[in-house]
Amino acid sequence: MNGIKPAENPIPRSRESEEMVNPSRPTSVLEPVSTRKSHSSGATDDNCLLMEKVIERSNILSALERVEKNKGAPGIDGMTTQQLRDHLIKEGAQLRMELLNGTYLPQPVRRVEIPKANGGGVRKLGIPTVRDRLVQQAILQVINPIFDPAFSESSFGFRPGKSAQQAIKQAKGFIDTGSKFVVDIDLEAFFDRVNHDKLMHLLRSRIHDQRLLNIIRRFLNAGVMEHGTCVRNEDGVPQGGPLSPCLSNIMLDVLDKELERRGHRFVRFADDCNVYVKTRRAAERVFNSLVEYLEKQLKLRVNLMKSAADFANRRKFLGISFLTKQGSKTKVRLAKPSEERFKARIRELTNRHWGVSLETRISRINEYLRGWSAYFRVVETPSKWSDLQGWLMRRLRCCLLVQWKRPKTRWQKLKGLGLSAEKAAKIAGSRKGPWCLALTPQLHIALGAAYWRKQKLLFLGDLMGNGS
């Protein structure tokens, strides 16, 4: 970016950028009086001086690289991640001073609504400015090591070394050992309902630097810009900033500790929480108890339409469901909504009227397949991959038939792919549509798996590690 190689010299050594992390004047000049006193008195509580760690050069550079890597849309000021580095070179010293003095003021987030994966309404996201994202990331890198080690081992969301696949395997293990019923708790608009006072109380238990606490509170209260008007936040943690997942884990760790105190077997990933028990009666008792605890103690609302106490194999969890059979171990399978979302995305990428080359189309499909398969590799029903792969190849055959729209072109292309002149002529002269023709034996021969492998299309069976 601008000719700078981040790995070699993340921020050019200009006087301004050096000032940001190594000011020429004594640091005490920039510190508030309370911080200077803690130095002189020899205080040993590092949690009183967390802001100094936030603005350390290495921490700021690490945060900068992460924000640049994540990219994302600009906030209300229009600044992009590509412009952030140059801005930091010019304004870094001022940013550092504001953070040290505790006077940094975040800007309101830009409201964006995206359709929910299950089609049930929209999810509200708040996009901070890239400058605020940098500060949030720098704060996250300092406070996460303080809180994360104390989190429950059954909490898997947005934590280093933890993943959704691990959560799924733990849930499967609970079912295999006899906990056939699940209490599936769905929190209604969790990120919009987090109580600020309760969250700040939890933060104060481990953070003793008032400057840092004040800035986190300002992020919570920064407000949302909607239709040109700033709406103040009284509750909630806007989704979209780097700090939000950590703050949600801090809030819900109270729930984790309560579940551990009661001796429950549970799995939590962000605001998705499943408690596994052995009988229906126990499931109903735990369900009623948890609803009361969440609404009275944590001031959160449970979505009773989506929550339930039921057989574990009737509920979906993190995009998967469980297949249980008498006398055999539980298997992880792809949930129906996840399959529908996969097909919806492939339909977009195989739109017959999308005027791109086959090479470009396959490249985009491969990019999607890599990410999708990396998440769903935990699924244990390999027959599903061959079904989806066959459906995908049929979609691609349709694209080629539309591209070869003239009968003569189709005849020449199919003949060049090894079909006899007679068989090629039957396809070329057919009145059937591309979707029907894509299923014919002739096209299975000419445009089968071998052809698509030659075009470098990735196969789900190969990506999942169980062949195709």
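As shown above, the structure is provided for reference.
Residues numbered from 1 in each chain as written. Predicted model: local features only at pLDDT ≥ 70, side-chain atom pairs only at ≥ 80, totals over all residues. Heavy atoms only, no water.

### A closer look at the pairing of strand β3 (residues 181-186)
Then, in step 1: Of all six residues making up β3, five are buried, and the element is well covered by its neighbours.
Then, in step 2: Bridge count for β3 against strand β7 (residues 272-277) is six bridges, and the pairing is antiparallel. Residue pairing for β7: D186 is matched across the bridge by D272.
Then, in step 3: When β3 meets strand β8 (residues 308-311), the two strands line up antiparallel, connected through four bridges. If you follow V183 over to β8, its bridge partner there is A309. (Buried < 20%, exposed > 50% of the residue type's maximum accessible area, 1.4 Å probe, protein only. Helix = DSSP H or I, 4+ residues; strand = E, 2+ residues; numbered from the N terminus. Pairing = 2+ DSSP bridges.)

### What about the sheet that holds strand β4 (residues 224-226)?
Then, in step 1: Pairing in this open sheet of four strands is mixed, and the strands run β2-β1-β4-β5 from one edge to the other. Edge positions in the open sheet fall to β2 (122-127) and β5 (229-231), since each of these has one partner strand only. Between one strand axis and the next, the sheet turns by 45 degrees as a mean value, whatever way the strands run. (Axes fitted to C-alpha atoms, helices over the stretch in contact; angles between N-to-C directions.)

### Focus on the packing of helix α13 (residues 336-349) against helix α15 (residues 383-403)
Then, in step 1: One can describe the packing of α13 onto α15 by two numbers: an axis separation of 11 Å at closest approach and a directional angle of 20 degrees. On the basis of their axis angle, the class for α13 and α15 is roughly parallel. Judged by the twist between their axes, the crossing of α13 over α15 is right-handed. Between α13 and α15, the residues in contact are E339, F342, K343, I346 and R347 and K384, L388, W391, L392 and R395, respectively. (Parallel < 35°, antiparallel > 145°, perpendicular 65-115°, else oblique. Left-handed = near helix turned anticlockwise from the far one by under 90°. Contact = heavy atoms within 4.5 Å.)

### Considering the side chain of S307
Then, in step 1: Within the fold, S307 resides in the loop between α12 (280-296) and β8.
Then, in step 2: Of note is the side chain of S307, whose polar atom sits 2.8 Å from the backbone nitrogen of D186.
Then, in step 3: Looking at S307, its side chain comes within polar contact range of the main-chain oxygen of N303, at 2.9 Å.
Then, in step 4: Sequence-distant contacts of S307, defined by excluding residues within four places in its chain, comprise D184, I185, D186, F287, V302 and R315. (Polar contact = N/O pair within 3.5 Å; in protein donor to acceptor, adjacent residues only side chain to side chain.)

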